[in-house]
Amino acid sequence: MGQTVLLVGLQWGDEGKGKVIDALSERFDLVVRFQGGANAGHTIHIGQEEFILRLVPSGILHPGTLCVIANGVVVDPVALTAEMAGLRQRGVDVGENLVISDRAHVVLPHHKALDEAREAARGKDRLGTTRNGIGPCYADKASRCGIRFAEMIEPDVFHERLVAVLEINNRILTQVYGAEPVDVDAAYDEYCRYAEELKPHVQDTVMLMRQALRDGKNILLEGAQGSMLDLNFGTYPYVTSSEVVGGATVGTGIPPTRIDRVIGVVKSYCSRVGTGPFPTEQDNEIGKAIHRTIEMHGGRERGSVTGRPRRCGWLDGVVLRHTAELNGVTGLAVGMLDVLSAFETLKVCTAYKLDGRGLHSFPASLTAVERVEPVYEELEGWCCDVSDVTRWEELPPQARRYLAAVEELAGAPVEFVSVGPERKQVIEREPDG
Ligand code: GDP
Ligand code: IMO
Ligand code: MG
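Because the structure is predicted, anything quoted here is derived from the model rather than measured.

A.B. asks: Please explain the layout of surface pockets as it appears in this structure.
C.D. replies: Rolling a probe over the atoms, with the probe sized like a water molecule, indicates the empty space that remains. Of the voids in this model, the largest pocket is the one considered here, and its volume is about 750 Å³. In this structure, the largest pocket is lined by 37 residues; those nearest its centre are Gly 128, Thr 129, Thr 130, Val 239 and Thr 240. Counting residues per element, the ones that place at least two in the lining of the largest pocket are helix H3 (109-122) and helix H4 (134-142). The element that contributes the greatest number of residues to the lining of the largest pocket is H3, accounting for 4 residues. Split by residue class, the lining of the largest pocket holds 13 nonpolar, 16 polar and 8 charged. The space that makes up the second largest pocket amounts to roughly 170 Å³. Lining of the second largest pocket is provided by 13 residues; of these, Tyr 138, Lys 141, Ser 241, Ser 242 and Glu 243 occupy positions nearest its centre. Taken together, the elements giving at least two residues each to the lining of the second largest pocket come down to H4 and helix H9 (247-250). The dominant element in the lining of the second largest pocket, judged by the number of residues it contributes, is H4, at 3 residues.

Quick look at the structure:
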(Lines give C-alpha, C1' and ligand atoms only; values in the text may rest on other atoms or scores of the structure.)
(Ligands and ions follow the chains in the order given, each with its own letter.)
Protein backbone atom coordinates (compact mmCIF):
# COMPACT_ATOMS: atom_id res chain seq x y z
CA MET A 1 0.00 0.00 0.00
CA GLY A 2 1.51 3.33 -1.02
CA GLN A 3 1.55 6.45 1.10
CA THR A 4 0.30 9.89 0.24
CA VAL A 5 2.25 12.54 2.10
CA LEU A 6 1.42 16.22 2.08
CA LEU A 7 4.25 18.67 2.70
CA VAL A 8 3.23 22.22 3.54
CA GLY A 9 4.95 25.39 4.77
CA LEU A 10 3.82 26.58 8.21
CA GLN A 11 5.02 30.20 8.03
CA TRP A 12 5.16 32.86 5.30
CA GLY A 13 6.81 30.73 2.62
CA ASP A 14 10.49 29.99 1.89
CA GLU A 15 10.71 27.61 4.83
CA GLY A 16 13.06 25.37 2.83
CA LYS A 17 10.36 23.14 1.31
CA GLY A 18 12.25 22.53 -1.95
CA LYS A 19 15.28 21.24 -0.12
CA VAL A 20 13.25 18.85 2.04
CA ILE A 21 11.23 17.60 -0.95
CA ASP A 22 14.37 16.94 -2.96
CA ALA A 23 15.88 15.06 -0.01
CA LEU A 24 12.74 12.91 0.29
CA SER A 25 11.73 12.49 -3.32
CA GLU A 26 13.76 9.32 -3.84
CA ARG A 27 11.09 7.57 -1.76
CA PHE A 28 8.20 8.78 -3.89
CA ASP A 29 6.90 7.71 -7.27
CA LEU A 30 5.10 11.01 -7.83
CA VAL A 31 5.75 14.58 -6.68
CA VAL A 32 2.72 16.80 -7.24
CA ARG A 33 2.27 20.59 -7.12
CA PHE A 34 -1.33 21.48 -6.26
CA GLN A 35 -1.62 25.28 -5.80
CA GLY A 36 0.15 28.53 -6.50
CA GLY A 37 2.18 29.14 -9.61
CA ALA A 38 5.42 30.76 -10.68
CA ASN A 39 5.31 32.90 -7.51
CA ALA A 40 6.99 29.91 -5.82
CA GLY A 41 10.76 29.56 -5.77
CA HIS A 42 11.96 26.25 -4.37
CA THR A 43 15.74 26.03 -4.05
CA ILE A 44 17.74 22.84 -4.28
CA HIS A 45 21.51 22.63 -3.78
CA ILE A 46 23.41 19.67 -5.11
CA GLY A 47 27.16 20.12 -4.76
CA GLN A 48 28.08 23.39 -6.48
CA GLU A 49 24.82 23.47 -8.40
CA GLU A 50 21.78 25.51 -7.41
CA PHE A 51 18.36 24.93 -8.94
CA ILE A 52 15.42 27.26 -8.31
CA LEU A 53 12.15 25.62 -9.30
CA ARG A 54 9.06 27.75 -9.80
CA LEU A 55 6.49 25.54 -11.52
CA VAL A 56 8.28 22.26 -12.09
CA PRO A 57 7.83 20.01 -9.02
CA SER A 58 10.91 19.60 -6.81
CA GLY A 59 11.16 15.87 -7.60
CA ILE A 60 12.46 16.58 -11.13
CA LEU A 61 16.11 16.05 -10.20
CA HIS A 62 15.41 12.41 -9.31
CA PRO A 63 15.24 10.28 -12.43
CA GLY A 64 12.21 8.03 -12.26
CA THR A 65 10.02 10.43 -10.27
CA LEU A 66 6.87 11.48 -12.09
CA CYS A 67 6.33 15.22 -11.60
CA VAL A 68 2.77 16.49 -11.85
CA ILE A 69 1.49 20.05 -12.10
CA ALA A 70 -2.04 19.35 -10.95
CA ASN A 71 -5.31 21.17 -11.56
CA GLY A 72 -5.04 23.65 -8.67
CA VAL A 73 -1.89 25.30 -10.03
CA VAL A 74 -2.06 28.42 -12.21
CA VAL A 75 0.50 27.89 -14.95
CA ASP A 76 2.35 30.64 -16.76
CA PRO A 77 3.50 29.04 -20.03
CA VAL A 78 6.22 31.68 -20.45
CA ALA A 79 7.76 30.81 -17.09
CA LEU A 80 7.20 27.07 -17.49
CA THR A 81 8.76 26.71 -20.93
CA ALA A 82 11.75 28.83 -19.83
CA GLU A 83 12.16 26.68 -16.72
CA MET A 84 11.97 23.46 -18.73
CA ALA A 85 14.54 24.75 -21.24
CA GLY A 86 16.86 25.85 -18.41
CA LEU A 87 16.66 22.43 -16.78
CA ARG A 88 17.30 20.62 -20.06
CA GLN A 89 20.30 22.84 -20.73
CA ARG A 90 21.74 21.64 -17.43
CA GLY A 91 21.24 18.01 -18.39
CA VAL A 92 18.02 17.37 -16.45
CA ASP A 93 15.55 15.09 -18.17
CA VAL A 94 12.23 16.90 -18.71
CA GLY A 95 10.05 14.74 -20.91
CA GLU A 96 7.40 12.20 -20.07
CA ASN A 97 8.32 12.67 -16.40
CA LEU A 98 6.50 16.03 -16.41
CA VAL A 99 2.72 16.12 -16.64
CA ILE A 100 0.41 19.15 -16.66
CA SER A 101 -3.27 18.93 -15.77
CA ASP A 102 -5.76 19.73 -18.51
CA ARG A 103 -7.80 21.44 -15.78
CA ALA A 104 -4.97 23.77 -14.68
CA HIS A 105 -5.67 27.43 -15.46
CA VAL A 106 -3.32 29.35 -17.74
CA VAL A 107 -1.76 32.63 -16.62
CA LEU A 108 -2.29 34.98 -19.58
CA PRO A 109 -0.64 38.34 -20.43
CA HIS A 110 -3.52 40.37 -18.99
CA HIS A 111 -3.14 38.62 -15.63
CA LYS A 112 0.43 39.83 -15.32
CA ALA A 113 -0.46 43.30 -16.63
CA LEU A 114 -3.31 43.58 -14.12
CA ASP A 115 -1.10 42.39 -11.25
CA GLU A 116 1.37 45.18 -12.14
CA ALA A 117 -1.33 47.80 -12.62
CA ARG A 118 -3.16 47.00 -9.38
CA GLU A 119 0.02 47.06 -7.34
CA ALA A 120 1.01 50.40 -8.88
CA ALA A 121 -2.46 51.82 -8.20
CA ARG A 122 -2.31 50.74 -4.55
CA GLY A 123 0.83 52.84 -4.07
CA LYS A 124 2.08 52.58 -0.50
CA ASP A 125 -0.71 50.08 0.29
CA ARG A 126 0.57 47.61 -2.28
CA LEU A 127 0.47 43.94 -1.34
CA GLY A 128 4.02 43.32 -2.49
CA THR A 129 3.01 40.55 -4.88
CA THR A 130 5.57 38.74 -7.02
CA ARG A 131 3.78 40.25 -10.09
CA ASN A 132 3.36 36.86 -11.68
CA GLY A 133 -0.35 37.37 -12.35
CA ILE A 134 -1.38 34.90 -9.64
CA GLY A 135 -4.22 36.92 -8.08
CA PRO A 136 -5.84 37.97 -11.40
CA CYS A 137 -5.63 34.40 -12.77
CA TYR A 138 -7.33 32.87 -9.72
CA ALA A 139 -9.89 35.71 -9.88
CA ASP A 140 -10.73 34.79 -13.51
CA LYS A 141 -11.00 31.13 -12.45
CA ALA A 142 -13.51 32.03 -9.72
CA SER A 143 -15.35 34.40 -12.10
CA ARG A 144 -15.62 31.55 -14.61
CA CYS A 145 -13.84 33.37 -17.39
CA GLY A 146 -10.46 31.68 -17.06
CA ILE A 147 -8.82 29.54 -19.73
CA ARG A 148 -7.55 26.08 -18.84
CA PHE A 149 -5.03 23.91 -20.67
CA ALA A 150 -7.99 21.90 -21.97
CA GLU A 151 -9.09 25.01 -23.87
CA MET A 152 -5.65 26.34 -24.76
CA ILE A 153 -4.66 23.21 -26.66
CA GLU A 154 -7.73 23.46 -28.90
CA PRO A 155 -6.85 26.42 -31.20
CA ASP A 156 -10.43 27.40 -32.15
CA VAL A 157 -11.76 27.22 -28.62
CA PHE A 158 -8.70 29.08 -27.37
CA HIS A 159 -9.18 31.86 -29.93
CA GLU A 160 -12.83 32.37 -29.04
CA ARG A 161 -12.13 32.45 -25.28
CA LEU A 162 -9.07 34.66 -25.56
CA VAL A 163 -10.85 37.26 -27.70
CA ALA A 164 -13.71 37.41 -25.20
CA VAL A 165 -11.55 37.65 -22.10
CA LEU A 166 -9.16 40.21 -23.58
CA GLU A 167 -11.94 42.44 -24.82
CA ILE A 168 -13.14 43.07 -21.26
CA ASN A 169 -9.71 43.08 -19.66
CA ASN A 170 -8.20 45.46 -22.19
CA ARG A 171 -10.95 47.91 -21.30
CA ILE A 172 -10.07 47.53 -17.62
CA LEU A 173 -6.36 47.89 -18.31
CA THR A 174 -6.70 51.02 -20.43
CA GLN A 175 -9.72 52.79 -18.93
CA VAL A 176 -9.29 51.99 -15.24
CA TYR A 177 -5.52 51.80 -14.93
CA GLY A 178 -4.27 53.78 -17.95
CA ALA A 179 -2.09 50.81 -18.87
CA GLU A 180 -1.24 49.38 -22.30
CA PRO A 181 -3.75 46.90 -23.77
CA VAL A 182 -2.71 43.34 -24.67
CA ASP A 183 -2.44 42.78 -28.43
CA VAL A 184 -4.94 39.99 -29.07
CA ASP A 185 -3.39 38.60 -32.27
CA ALA A 186 0.15 38.66 -30.93
CA ALA A 187 -0.97 36.99 -27.68
CA TYR A 188 -2.90 34.32 -29.59
CA ASP A 189 0.07 33.48 -31.83
CA GLU A 190 2.52 33.42 -28.94
CA TYR A 191 0.34 31.23 -26.70
CA CYS A 192 -0.48 28.87 -29.57
CA ARG A 193 3.26 28.20 -29.77
CA TYR A 194 3.36 27.43 -26.03
CA ALA A 195 0.29 25.23 -26.42
CA GLU A 196 2.03 23.27 -29.15
CA GLU A 197 5.15 22.83 -27.03
CA LEU A 198 3.32 21.87 -23.86
CA LYS A 199 0.57 19.73 -25.41
CA PRO A 200 2.52 16.45 -25.11
CA HIS A 201 2.66 16.99 -21.32
CA VAL A 202 -1.05 17.74 -20.90
CA GLN A 203 -3.17 14.97 -19.39
CA ASP A 204 -6.20 14.27 -17.27
CA THR A 205 -4.32 14.27 -13.96
CA VAL A 206 -7.44 13.42 -11.95
CA MET A 207 -7.41 10.00 -13.62
CA LEU A 208 -3.64 9.83 -13.21
CA MET A 209 -3.97 10.40 -9.43
CA ARG A 210 -6.77 7.87 -9.15
CA GLN A 211 -4.70 5.24 -10.94
CA ALA A 212 -1.62 6.03 -8.83
CA LEU A 213 -3.67 5.54 -5.66
CA ARG A 214 -5.07 2.25 -7.01
CA ASP A 215 -1.58 1.06 -7.93
CA GLY A 216 -0.28 1.75 -4.43
CA LYS A 217 2.18 4.43 -5.54
CA ASN A 218 3.90 6.73 -3.04
CA ILE A 219 2.75 10.29 -3.66
CA LEU A 220 4.31 13.48 -2.29
CA LEU A 221 2.11 16.55 -2.48
CA GLU A 222 4.34 19.64 -2.70
CA GLY A 223 2.82 22.70 -1.06
CA ALA A 224 3.97 26.08 -2.30
CA GLN A 225 3.97 29.35 -0.33
CA GLY A 226 3.21 29.07 3.39
CA SER A 227 0.06 28.71 5.49
CA MET A 228 0.26 32.34 6.69
CA LEU A 229 -0.06 33.36 3.02
CA ASP A 230 -3.20 31.21 2.68
CA LEU A 231 -6.21 33.01 1.22
CA ASN A 232 -8.54 31.91 4.05
CA PHE A 233 -6.32 31.69 7.11
CA GLY A 234 -3.38 34.01 6.44
CA THR A 235 -2.88 37.71 7.12
CA TYR A 236 -5.58 38.75 4.62
CA PRO A 237 -5.29 40.74 2.36
CA TYR A 238 -1.49 40.36 2.58
CA VAL A 239 -1.71 36.81 1.30
CA THR A 240 -1.49 34.94 -1.96
CA SER A 241 -4.64 33.96 -3.86
CA SER A 242 -4.52 30.19 -3.45
CA GLU A 243 -5.52 27.69 -0.80
CA VAL A 244 -2.27 26.65 0.81
CA VAL A 245 -4.30 25.01 3.58
CA GLY A 246 -6.64 22.36 2.22
CA GLY A 247 -5.60 22.93 -1.39
CA ALA A 248 -4.05 19.48 -1.69
CA THR A 249 -7.43 17.86 -2.17
CA VAL A 250 -9.20 20.36 -4.42
CA GLY A 251 -5.97 20.98 -6.30
CA THR A 252 -5.42 17.32 -7.24
CA GLY A 253 -8.68 15.39 -6.95
CA ILE A 254 -7.18 13.20 -4.20
CA PRO A 255 -9.85 12.80 -1.51
CA PRO A 256 -8.96 13.96 2.04
CA THR A 257 -9.31 10.40 3.34
CA ARG A 258 -6.39 9.33 1.16
CA ILE A 259 -3.82 11.67 2.70
CA ASP A 260 -1.82 9.58 5.18
CA ARG A 261 0.69 12.04 6.65
CA VAL A 262 1.12 15.79 6.75
CA ILE A 263 4.64 17.15 7.18
CA GLY A 264 4.79 20.80 8.21
CA VAL A 265 7.96 22.58 7.13
CA VAL A 266 9.14 25.11 9.69
CA LYS A 267 12.07 27.46 9.45
CA SER A 268 13.76 27.63 12.87
CA TYR A 269 13.13 31.39 12.81
CA CYS A 270 10.64 33.39 10.69
CA SER A 271 10.92 35.30 7.45
CA ARG A 272 8.58 37.13 5.14
CA VAL A 273 9.01 38.78 1.72
CA GLY A 274 6.64 41.51 0.66
CA THR A 275 4.43 43.62 2.87
CA GLY A 276 2.04 42.63 5.65
CA PRO A 277 2.12 42.08 9.41
CA PHE A 278 4.90 40.08 11.03
CA PRO A 279 4.70 40.27 14.86
CA THR A 280 8.14 38.80 15.66
CA GLU A 281 10.03 40.75 12.99
CA GLN A 282 13.49 41.93 14.02
CA ASP A 283 14.20 44.95 11.86
CA ASN A 284 17.45 45.45 13.76
CA GLU A 285 20.85 43.87 14.47
CA ILE A 286 19.28 40.45 15.04
CA GLY A 287 17.62 40.48 11.63
CA LYS A 288 20.92 41.54 10.09
CA ALA A 289 22.77 38.75 11.94
CA ILE A 290 20.36 36.18 10.49
CA HIS A 291 21.10 37.53 7.00
CA ARG A 292 24.85 37.45 7.61
CA THR A 293 24.82 33.91 8.97
CA ILE A 294 22.71 32.42 6.23
CA GLU A 295 24.95 33.98 3.60
CA MET A 296 28.01 32.58 5.37
CA HIS A 297 26.41 29.15 5.17
CA GLY A 298 25.85 29.37 1.45
CA GLY A 299 22.16 30.26 1.69
CA ARG A 300 20.44 33.53 0.97
CA GLU A 301 17.61 35.40 2.64
CA ARG A 302 16.34 36.93 -0.57
CA GLY A 303 13.18 36.05 -2.43
CA SER A 304 14.08 33.19 -4.78
CA VAL A 305 11.82 34.67 -7.45
CA THR A 306 11.99 38.42 -6.92
CA GLY A 307 15.42 38.82 -5.29
CA ARG A 308 13.86 41.07 -2.63
CA PRO A 309 15.52 40.83 0.82
CA ARG A 310 13.44 38.77 3.24
CA ARG A 311 12.34 40.30 6.53
CA CYS A 312 13.56 38.10 9.40
CA GLY A 313 12.52 37.54 13.02
CA TRP A 314 12.20 35.07 15.88
CA LEU A 315 10.16 31.91 15.69
CA ASP A 316 6.49 32.67 16.28
CA GLY A 317 4.75 29.95 18.29
CA VAL A 318 1.30 31.52 17.92
CA VAL A 319 1.66 31.27 14.15
CA LEU A 320 3.01 27.75 14.43
CA ARG A 321 0.13 26.51 16.59
CA HIS A 322 -2.37 28.17 14.23
CA THR A 323 -0.94 26.63 11.06
CA ALA A 324 0.02 23.22 12.50
CA GLU A 325 -3.56 22.72 13.69
CA LEU A 326 -5.12 24.01 10.48
CA ASN A 327 -3.11 21.53 8.44
CA GLY A 328 -3.41 18.67 10.92
CA VAL A 329 0.33 18.10 10.75
CA THR A 330 1.53 14.69 11.87
CA GLY A 331 5.22 15.60 11.83
CA LEU A 332 7.61 18.47 11.32
CA ALA A 333 10.64 19.18 9.16
CA VAL A 334 12.59 21.98 10.84
CA GLY A 335 15.01 23.84 8.59
CA MET A 336 17.88 26.33 8.88
CA LEU A 337 18.96 25.09 12.30
CA ASP A 338 22.55 25.97 11.34
CA VAL A 339 21.61 29.65 11.05
CA LEU A 340 20.71 29.88 14.75
CA SER A 341 24.23 28.78 15.71
CA ALA A 342 25.12 32.47 15.60
CA PHE A 343 23.11 33.35 18.72
CA GLU A 344 23.99 32.88 22.40
CA THR A 345 20.40 33.35 23.42
CA LEU A 346 17.39 32.45 21.32
CA LYS A 347 13.93 33.86 21.69
CA VAL A 348 10.71 32.04 20.90
CA CYS A 349 7.34 33.78 20.95
CA THR A 350 4.91 31.64 22.94
CA ALA A 351 1.91 33.99 23.10
CA TYR A 352 0.82 37.50 22.21
CA LYS A 353 -0.43 40.28 24.47
CA LEU A 354 -3.22 42.47 23.21
CA ASP A 355 -4.30 45.41 25.36
CA GLY A 356 -2.57 43.81 28.33
CA ARG A 357 -4.33 40.46 27.94
CA GLY A 358 -2.83 37.15 26.83
CA LEU A 359 -3.82 36.00 23.36
CA HIS A 360 -3.11 32.46 22.25
CA SER A 361 -4.79 32.44 18.84
CA PHE A 362 -3.93 34.37 15.71
CA PRO A 363 -6.48 37.18 15.27
CA ALA A 364 -8.31 37.81 12.00
CA SER A 365 -8.25 41.59 12.41
CA LEU A 366 -5.09 43.12 11.00
CA THR A 367 -5.39 46.12 13.27
CA ALA A 368 -5.25 43.65 16.16
CA VAL A 369 -2.28 41.79 14.62
CA GLU A 370 -0.45 45.08 14.22
CA ARG A 371 -0.97 45.90 17.92
CA VAL A 372 -0.03 42.53 19.46
CA GLU A 373 3.09 42.33 21.58
CA PRO A 374 4.92 39.02 21.35
CA VAL A 375 5.63 37.30 24.68
CA TYR A 376 9.06 35.68 24.42
CA GLU A 377 10.66 32.78 26.18
CA GLU A 378 14.46 32.67 26.11
CA LEU A 379 16.41 29.54 25.36
CA GLU A 380 20.12 28.92 25.52
CA GLY A 381 21.82 28.81 22.11
CA TRP A 382 24.30 26.10 21.09
CA CYS A 383 26.90 28.44 19.55
CA CYS A 384 28.64 25.76 17.53
CA ASP A 385 28.51 24.64 13.94
CA VAL A 386 25.87 21.95 13.40
CA SER A 387 26.05 21.89 9.61
CA ASP A 388 27.97 18.58 9.55
CA VAL A 389 25.72 16.77 12.02
CA THR A 390 24.06 13.75 10.45
CA ARG A 391 22.46 12.04 13.47
CA TRP A 392 19.89 13.32 15.95
CA GLU A 393 21.96 12.17 18.96
CA GLU A 394 24.90 14.27 17.76
CA LEU A 395 22.93 17.51 17.96
CA PRO A 396 23.99 19.66 20.94
CA PRO A 397 21.59 19.36 23.91
CA GLN A 398 20.62 23.04 23.54
CA ALA A 399 19.58 22.39 19.92
CA ARG A 400 17.49 19.41 21.00
CA ARG A 401 15.85 21.57 23.68
CA TYR A 402 15.06 24.18 21.04
CA LEU A 403 13.51 21.51 18.84
CA ALA A 404 11.51 20.22 21.82
CA ALA A 405 10.12 23.76 22.24
CA VAL A 406 9.13 23.77 18.55
CA GLU A 407 7.38 20.40 18.99
CA GLU A 408 5.47 21.64 21.99
CA LEU A 409 4.26 24.75 20.17
CA ALA A 410 3.28 22.85 17.01
CA GLY A 411 1.91 19.82 18.86
CA ALA A 412 3.72 17.41 16.54
CA PRO A 413 7.05 15.57 16.57
CA VAL A 414 10.11 16.71 14.65
CA GLU A 415 10.87 14.06 12.02
CA PHE A 416 13.50 15.85 9.95
CA VAL A 417 16.02 18.59 10.68
CA SER A 418 17.83 20.49 7.95
CA VAL A 419 21.24 21.88 8.87
CA GLY A 420 22.30 23.40 5.56
CA PRO A 421 21.15 23.98 1.99
CA GLU A 422 22.81 20.83 0.61
CA ARG A 423 20.79 17.73 -0.26
CA LYS A 424 22.74 15.65 2.25
CA GLN A 425 22.44 18.12 5.13
CA VAL A 426 19.33 16.56 6.57
CA ILE A 427 18.92 14.58 9.77
CA GLU A 428 16.19 12.00 9.90
CA ARG A 429 15.10 11.18 13.40
CA GLU A 430 14.66 7.51 14.19
CA PRO A 431 11.17 6.81 15.60
CA ASP A 432 12.64 6.31 19.10
CA GLY A 433 15.15 9.22 18.74
P1 GDP B 1 11.11 27.18 -0.27
O2 GDP B 1 10.41 28.19 -1.08
O3 GDP B 1 10.35 26.81 0.97
O4 GDP B 1 11.52 25.97 -1.04
O5 GDP B 1 12.45 27.89 0.25
P6 GDP B 1 13.45 28.79 -0.64
O7 GDP B 1 14.19 27.92 -1.55
O8 GDP B 1 12.72 29.94 -1.24
O9 GDP B 1 14.38 29.42 0.46
C10 GDP B 1 15.18 28.68 1.30
C11 GDP B 1 16.65 29.17 1.18
O12 GDP B 1 17.42 28.61 2.23
C13 GDP B 1 17.32 28.67 -0.06
O14 GDP B 1 18.35 29.58 -0.42
C15 GDP B 1 17.89 27.32 0.35
O16 GDP B 1 19.00 26.91 -0.43
C17 GDP B 1 18.32 27.62 1.76
N18 GDP B 1 18.19 26.50 2.70
C19 GDP B 1 17.29 25.48 2.74
N20 GDP B 1 17.46 24.72 3.85
C21 GDP B 1 18.50 25.27 4.53
C22 GDP B 1 19.14 24.96 5.77
O23 GDP B 1 18.80 24.04 6.50
N24 GDP B 1 20.18 25.79 6.13
C25 GDP B 1 20.60 26.84 5.36
N26 GDP B 1 21.62 27.57 5.81
N27 GDP B 1 19.99 27.16 4.22
C28 GDP B 1 18.96 26.39 3.80
P1 IMO C 1 7.48 29.67 -1.91
O2 IMO C 1 6.72 28.54 -2.50
C3 IMO C 1 7.42 33.63 -0.03
C4 IMO C 1 4.19 36.34 -1.19
C5 IMO C 1 4.60 37.58 -1.96
C6 IMO C 1 3.55 38.56 -1.49
C7 IMO C 1 2.30 37.68 -1.40
C8 IMO C 1 1.38 37.75 -2.60
O9 IMO C 1 8.79 29.93 -2.55
O10 IMO C 1 7.54 29.57 -0.42
P11 IMO C 1 1.53 36.73 -5.06
O12 IMO C 1 2.54 36.96 -6.14
O13 IMO C 1 1.41 35.31 -4.63
O14 IMO C 1 0.21 37.34 -5.37
O15 IMO C 1 2.11 37.57 -3.80
O16 IMO C 1 2.77 36.35 -1.24
N17 IMO C 1 4.64 35.05 -1.78
C18 IMO C 1 5.65 34.33 -1.29
N19 IMO C 1 6.50 34.57 -0.29
N20 IMO C 1 7.49 32.45 -0.69
C21 IMO C 1 6.62 32.17 -1.68
O22 IMO C 1 6.59 30.97 -2.31
C23 IMO C 1 5.66 33.14 -2.05
N24 IMO C 1 4.69 33.19 -2.97
C25 IMO C 1 4.07 34.36 -2.79
O26 IMO C 1 5.90 38.00 -1.60
O27 IMO C 1 3.85 39.01 -0.20
MG1 MG D 1 10.74 30.06 -1.92
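A.B. asks: Where do I start with unusual backbone geometry in this structure?
C.D. replies: Residues apart from glycine generally show negative phi values, whereas peptide bonds are mostly found in trans. With omega at 5°, the peptide bond leading from Tyr 236 into Pro 237 counts as cis. Following the sequence through the fold, Pro 237 ends up in the loop between strand E10 (219-222) and H9. Non-glycine residue Asp 14 carries a positive phi angle of around 60°. With respect to the helices and strands, the residue Asp 14 is situated in the loop between strand E1 (4-9) and helix H1 (17-24). A positive phi angle, close to 60°, is found at Arg 131, a residue other than glycine. Among the structural elements, Arg 131 can be located in the loop between H3 and H4. Assessed through its relative accessible area of 29%, Arg 131 is described here as partly exposed.

A.B. asks: Just checking my understanding: could you explain the site of ligand 2 for this structure?
C.D. replies: Around ligand 2 there are 20 residues in total, and Asp 14, Lys 17, His 42, Thr 130 and Thr 240 lie nearest to it. At 2.7 Å from an oxygen atom of ligand 2 is found a side-chain nitrogen or oxygen belonging to Lys 17. In the environment of ligand 2, an oxygen atom lies 3.4 Å from a nitrogen or oxygen atom belonging to the backbone of Gly 128. For ligand 2, the protein covers 97% of the area, taking 550 Å² as the surface of the free molecule. Among the cavities detected, the one that contains ligand 2 is the largest pocket. Among the residues forming the shell around ligand 2, the class breakdown is 7 nonpolar, 10 polar and 3 charged.

A.B. asks: Looking at this structure, I do not really get H1. What am I missing?
C.D. replies: Two residues of an α-helix separated by three or four positions point the same way, owing to the 3.6 residues in each turn. A large share of H1 lies buried, amounting to 7 of its 8 residues. Of the positions making up H1, those classed as buried are Lys 17, Gly 18, Lys 19, Val 20, Ile 21, Asp 22 and Leu 24.

A.B. asks: How should I be thinking about the coordination of the magnesium ion (ligand 3) in this particular structure?
C.D. replies: Expected angles at a metal are 109.5 degrees for tetrahedral coordination by four donors and either 90 or 180 degrees for octahedral coordination by six donors. Distances from the magnesium ion (ligand 3) to its protein donors, namely Asp 14 (OD) and Gly 41 (O), fall within the range 2.0 to 2.2 Å. Residue Asp 14 is found in the loop between E1 and H1, and its partner Gly 41 is found in the loop between strand E2 (30-33) and strand E3 (42-46); the two are separated by 27 residues along the sequence. Across this residue pair, the class does not change: Asp 14 and Gly 41 are buried.

A.B. asks: Quick question: what am I supposed to make of the domain arrangement of the chain here?
C.D. replies: By a frequent convention, interface size equals the accessible area lost on bringing the separate parts together. Each domain of the chain was delimited in the assignment, giving domain 1 (4-100 + 204-261), domain 2 (105-198) and domain 3 (267-428). Of the residues lining the interface, 38 residues belong to domain 1; the matching set on domain 3 comes to 41 residues. Buried area between domain 1 and domain 3, both sides added, is near 3200 Å², and the carbon and sulfur share of it is 58%. Of all residues in domain 1, Leu 10, Trp 12 and Lys 19 bury the most surface against domain 3, accounting for 23% of the area lost on that side. At the surface where domain 1 touches domain 3, the tally comes to 4 salt bridges. A salt bridge links Asp 22 to Arg 423, with the nearest nitrogen and oxygen atoms 2.8 Å apart. Those elements that place two or more of their residues in the side of domain 1 that touches domain 3 are H1, E3 and strand E4 (49-53). Its residues assigned to classes, the side of domain 1 that touches domain 3 comprises 19 nonpolar, 11 polar and 8 charged.

What counts, and at which threshold
- Residues numbered from 1 in each chain as written.
- Chains lettered and ligands numbered in written order.
- Predicted model: local features only at pLDDT ≥ 70, side-chain atom pairs only at ≥ 80, totals over all residues.
- Heavy atoms only, no water.
- 1 Å grid on protein atoms, 1.4 Å probe; cavity = no way out; pocket = protein on both sides within 12 Å on 5 of 7 lines; lining within 4 Å.
- Points joined across faces, edges and corners; volume = space filled by probe spheres on them.
- Helix = DSSP H or I, 4+ residues; strand = E, 2+ residues; numbered from the N terminus.
- Nonpolar A, V, L, I, M, F, W, Y, C, P; charged D, E, K, R; others polar.
- Buried < 20%, exposed > 50% of the residue type's maximum accessible area, 1.4 Å probe, protein only.
- Near = heavy atom within 4 Å.
- Polar contact = N/O pair within 3.5 Å; in protein donor to acceptor, adjacent residues only side chain to side chain.
- Areas by Shrake-Rupley, 256 points an atom, 1.4 Å probe, with all protein chains shown as cover.
- Sits in = over half its atoms within 2 Å of the grid points.
- Donors = N, O, S within 2.8 Å, 3.2 Å for Na, K, Ca; no water.
- Domains from an automatic or database assignment.
- Contact = heavy atoms within 4.5 Å.
- Buried area = accessible area lost by both parts, 1.4 Å probe.
- Salt bridge = Lys/Arg side-chain N within 4 Å of Asp/Glu carboxyl O.

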